[in-house]
Every structure is written in structure tokens, then in C-alpha cells.
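Residues per chain are reported as follows:
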Amino acid sequence: MSQTMFATRKVAFAVSAALTLSATGAHAQEQESNWPAYEIVNLNEVFSVRGTLDNTRNGYGAAVSGDVALGIAKGVNDATSSEDDNVLDDVVDAILPEESVSSNSIFRPFIGNNFLFEQSAATGWEPTYVPLLENKPPLLNPDEDEDADAIPRTNAFYFGASALGLRVGSTSALQEAPVDNPNCEVTETSTCSEFYYYRSFESHGFVQSGDNYVLLPPAPESTVYVTEDEELDPTPINVGGNSVSSSINDNGFVVGYASTAISDASKESIDGCLKSLAETDGDNEPLPIDICVQNMQNSGAMFYQTRGYVWQLDPSNLDIISQQALPMNFVPEELPTESDRDNVFLAQALGASDTSDTYIVGRANQLNKSSRPLSTLYAQAWRANGGGYDPYLIGPTVEDSERIEQSIAYDVNDQGMAVGVVRRWVDGYVRNKFAVVDLSAEPEEYRDGQRFMFTEPNDFFDGQSDLASIARSVNNQGIVVGNIEVDRVKNLPRRVRGFAYNIAEDDFININELLTCQSRAYIPFDEANDGTVEIDAEGNKWNRVVIEDTENFSAPIKYEAEVIVVDANQISDDGTIVATALVKLPRVKTEQITEVGDDGKTYIRTVVVTENGKPVIENDANGKPTTNQVPRSLVLKPVDAAQICSLTIEDGLNPPPNERQGASFGWLALMALAPLAWWRRRKG
């Protein structure tokens, strides 16, 4: 395939003026505000949000690591054009079709679809691919015959990082050398796979520091299986086990979760693979044992006992000093009935305190008052105690109220303040509600032990609302970030926005309300600019940023920019927030064509429509570019509060500033409120 190269260059009207924004157009309200303004720093001079890797569809903010932001790119663009199978390379700010992703199969090579990236001021906040087990960035339209050595085979994710640069996450294994398939006779018309494909594990946690990394092993007894059936081959079989590293501090203290044993059902299935190998009377050769195990992994038939887990590393060289499973609130082997003892139980450690190993949070299976396992998972905490850890349930559970479904704790700071979610019924619908709990306090007595209890703060209203919300991170200043719904219609999908919450001041706000006008895609008014005109609370006029591209597409295009923060994933102690935004981009025009494959079958394929070698942008009924929203990683830095933009945010809710609203207000009452810029609830 030939590749058509485009230089990506656009014009954003008067952006240079916006970059020198003065206090004239900034937020100058007299009202009290304890929040800083926030600036999107990975927004370049032509208003392009640099929030994913080239050739990928979606980008998500993951973590903050000192001065570096970490993200995950997901999905590879399908850039095949309608002209002679050309590949459209370097089309950055437009929405291309996404390469279809097939489920894993022993008859197909693995193809990676999730990639690590970092961005920092040192590189102009440009996303940079981060290699781990392999150095293979996203590849457009890979061809197994021509590009086999360049195709990425692993999926990797960042989940956390320390202030000094230690990073954690999970990755799949590299693909092992293909195994000949004796049941496939390769001919010009054969459709079978000549090879079997497998890998040594599905997910292992990692710690990364610069170019160095280490994989975090699960418990050894979950990685290798030896049959107890004397009639079967006793050769040890690698099954890999699973592990994920969720959080790390600068002392090399890592928490996550890991397999501790292979389930009895999975042992029986592996024995079934061995029995097939011992019985070779059929017409087809049975699957080799490694392939049979991989087939179980692919179909979700490999189950493990999984526990919260701790690894202690030497941060200077990433040597693993120790590893241990965290205790549950009960001992599964001591449950009163055999059926309960045979269950597969799950516990996950998801967050830990930054500078010590004092507090760990996550979720786990719990028991009811009859010592039977509850059907869903509930938030769990562990506190350090003399070299070990004491487990604590974080309530409430369904036994406190039938309206409670489940819960989870995501993060905890050095003071023991933890945040998470309680999933409960609200007004006839199941909603997530963000929650906080102080683990430094004395736990309450509970049955034969002790527990903590979540508190669910109010959001925009002076009482419980039905807006679903999730708290993802809390820093050592007690600032919580996450996401919340902003629509009140009950039976339709609801939009979400990033939020920040100050625990000490009981102050809740939509993060979009804290952005500078530049970050919200506005520039000081200019009569020559045809962007939408809006007036802020001080009477200043602003234009919406207009993106014009005269080079990269078959015809010039023009559209208004838009960036909306929809989730805040982590906040550091200096106030830096790594978030995810929805960014408006034009959509390329596509068409479906029919092709005859090598197997003689006819296939339908989606390709990009091009004219003179350039992609065509799809237009609406008015002849304007059709736009959609795609996720991009954002890096938000705090700046002077005077720069908060006071332009009205057009969302489903908009109550007045500094004034709690009754949670019983319906949709019509909210619509009747005068549109004002501030959208938050503040104590007092």
C-alpha cells in the first residue's frame, strides 16, 4: 500500500490574542471563591487538543507523575481510502473510522489496541508513545503478510504513578512463537489457520521507571498447574496467573490485586485438555496443552481466586523485595457450607496513601449476618498494623438498607481520607453516588469486628440528588475529583462532567466552571471573527474559537471548537488534574465497498472517501461540516483565580452561585432559573 502524507496545519482565528489573555476578559466577579482557575496546557497554538497518540481514535487521562501526565490511547484508525487502497497518514484533527477489533482467538495473531503515552512541558505537551514489553507504536491498517514484525501485540494500561516518576499499570504478554496447526492443510483455497497463537499470560502488573520496568508476579501457585490425576501427564503447565498494579508511592510500595490460586473448575477444564491429548483416536489432532489453556483464557473459562495484593520494591532498581496477599474480612476455607467454600472470591486493592503504607482501599466480597457471601462487592479498607494489615468493611451494604447495591473505594490520602462510590436506588433508579470516609477515625463496632461507614456529600443541591457521580481521586489537601451527571431526565442517557469537591469546606463545583476562557474555546471579541458571540458576567464580549482548515481536506472547512471536561481521573498535591474531555472534531465521509477475499468470499469494507488524494469531510443539510465528540486526555494546571471564565455554561443544570438548591426541584423549575455562570454548591 502507498501512503499519502499530509502536513497538518490549521488556522484558529485570533488565537494569538487569546494566548495573551489579560484580566480584561477574565473572571472579575466580586463573589468569594476558594478555587483557582484552570488552564488546559496541552492545547496548542491552533487550538488542537493534544490528547492521544497519532493514528489512534481515543485518548484518556490516567495519572500524574511529577511534571509528566500519563494517558492511554485506545483504538487504531482505519485510514484506507477509496482511491487505490492508499492509506491516509497524518490526518490528526478529524474523525476517521476505527479499525475493527476481533476477540482473541487461537487461530489469529494478537493485535494490540491500547497504548501508553506521556506528555510534559518538555515536549510541548505532545503525546509521546511509551514502550513497555515492545516498542511498536499504533500502526495504520496493518497487514499480517507485509507488516508482521511492526504490528503491536500487547495491550497496556497506566493506573497510577508516584510523584518521583514510578508508574504502575498492567500489560498482556508478548505473543509466543506460533505453533503449527496439524489439522490445517494449506492450499490455495483453504480457509483454516496454518498456526495456533498463544501467550504466557493475559495480564500482569508492572512498575516502570524511565526505560526500566519489572513485571509483578501473582502468587506462584496460581501460575503453574500440575494435575493430581495419576492417569494424566504430570508435567507442569504454565497458566500465567493474573495481576494488576493500581497504585504506588515513592517508597516503592505497590498495591493492586493478583491471583492466588487456580479455581477448581478451571483445574477440571485443564484436566480435560490433558485427557484429549491422551486420547488420539479421533480424526483431528487435539489442541496442544498451551493452546488449549489459551483457548480457555480467550473464552473466559480460566478462573482464579483473586486477592488484594502488596509488592514492596526497591525504588532505585525495581528489585522486588517482598509480596503478599491482603487478608479478607473472612477466611473462605472456614465458611460453614461446602458450596460457599468452593466459591471464587475476589478482593482488589485500588489505592494507597502516598508517603507510607498506612492505608489501602479497594473492594471485596463480604458476608451477610448469616455468614453467607453477599452477591455483590463492597468497599474495603486495610490499615497497617505491626507489619501486617487489618481488613475493614466500609459500609453501608444491602444489610443496612435494601436500597444499597454495592460500593467501591478508589483512593486514599496520607491523612486517611478515602473516596469512592456507593451504588444505590434513588427515585426508582440505580445511581452511583460519590462518597468519602475518614479511615484515621475510630471504626464502629460491627458484628464480631469493626467497620467504617461512607458519607455521601451533597453535590449541586442541598440534599440528595439523583445525579450519578463517581469520586476517583483525593489529594493531601482534601480535594476530590471525579465525574457527575448534569441532566435530570430520568429515562434517557445523561451527560457527565468533571467535578471537584473540597472536603473541608463542603464546596462542590463543575470543573468546567473553573476553566479560563481560552481553555473553554473563547477569544476576546473581534468583529472580523464569525464565531458565536457571547457576553460574560462583566459585560465583555467573546467569540467562540473558529477552526479553519484549507489544506488537509478536499475542500476548505470551518467549524466552532468545543472542549468539555467529562471526567477527572487524578489530582496531585499541587492541584494538577489529569482528566478526559470530549472534543469536537469534523467527521470524514465514508462509504462501504465490496471486496473478494483470498478465500473467494465477498466482504463489505468501510473506506474513507477521497478526492484528489485528500479526505472528504461529511457535511450536514446546511452544508456545514458534520462534527462529533471524541475523548482526549487533558492536563489542567491551576492559575490565578482571576482568570476564571464567567461565560454561561449551557448544561442541563445551572443553579445560581453560592446557593444550594432543593433536591426536589424538577426539570421545569431548573429550566426557569436565570442563566448564571457559576454552577456549584457551597457550604453556608
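Just so we're clear, the structure is a prediction, and the values are computed from it rather than from any experiment.

The helix and strand tally for the protein chain stands at five helices and 46 strands. The 684 residues of the protein chain split such that 52% are buried. A separation threshold of at least 6 residues defines the contact pool for the protein chain, and within that pool the share at least 24 residues apart is 64%. With the model as given, the accessible surface of the protein chain reaches about 29500 Å², and the carbon-plus-sulfur share is 46%.

Mean pLDDT for the protein chain: 88, with 88% of residues reaching 70 or above. Throughout residues 1–31 the model reports pLDDT below 50, and contacts reaching past four residues in sequence, or to other chains, amount to 90 contacts. Overall, residues 655–684 carries pLDDT values under 50, and its contacts beyond four positions in sequence, including any with other chains, amount to 90 contacts.

Turning next to the state of the cysteines. Evaluation of the coordinates by the stated rule reveals three disulfides. Sulfur-sulfur distance for the disulfide between C184 and C192 comes to 1.9 Å. The S-S bond linking C184 to C192 shows a torsion near 75°; that makes this disulfide right-handed. Through a disulfide, C273 is tied to C292; the S-S separation comes to 2.0 Å. Residues C273 and C292 are joined through a disulfide that is left-handed, its torsion about the S-S bond being -75°. In this pair, C273 is assigned in helix α2 (residues 264–278) and C292 in helix α3 (residues 289–298), connecting sequence segments 19 residues apart. Across the pair, exposure class does not vary: C273 and C292 are buried alike. Counting only the cysteines that take part in disulfides, in the order they occur along the protein chain, gives the pairing 1-2, 3-4, 5-6.

With that out of the way, let us pick up the nonpolar core. Nonpolar side chains in soluble globular proteins generally cluster together in the buried interior. If you look at the biggest cluster of nonpolar residues, it comprises 43 residues, and the most contacted ones within it are F47, I511, V563, I577, L634 and L636. Those elements giving two or more residues to this core turn out to be β3 (37–40), β31 (479–485), β38 (557–560), β39 (563–571), β40 (577–586) and β45 (627–639). Tallying contributions element by element places β40 first for this core, with five residues. Excluding residues within four positions of it along the chain, L634 makes contact with I40, N42, V49, V563, V565, I577, V578, A579 and A581. Ranked by size, the runner-up nonpolar core spans 20 residues in total, among them L374, A435, Y446 and F452.

What counts, and where the lines are drawn
Residues numbered from 1 in each chain as written. Predicted model: local features only at pLDDT ≥ 70, side-chain atom pairs only at ≥ 80, totals over all residues. Heavy atoms only, no water. Helix = DSSP H or I, 4+ residues; strand = E, 2+ residues; numbered from the N terminus. Buried < 20%, exposed > 50% of the residue type's maximum accessible area, 1.4 Å probe, protein only. Contact = heavy atoms within 4.5 Å. Areas by Shrake-Rupley, 256 points an atom, 1.4 Å probe, with all protein chains shown as cover. pLDDT = per-residue confidence, 0-100. Disulfide = S-S within 2.5 Å. Core = buried A, V, L, I, M, F, W, Y, C linked by side-chain atoms within 4.5 Å.

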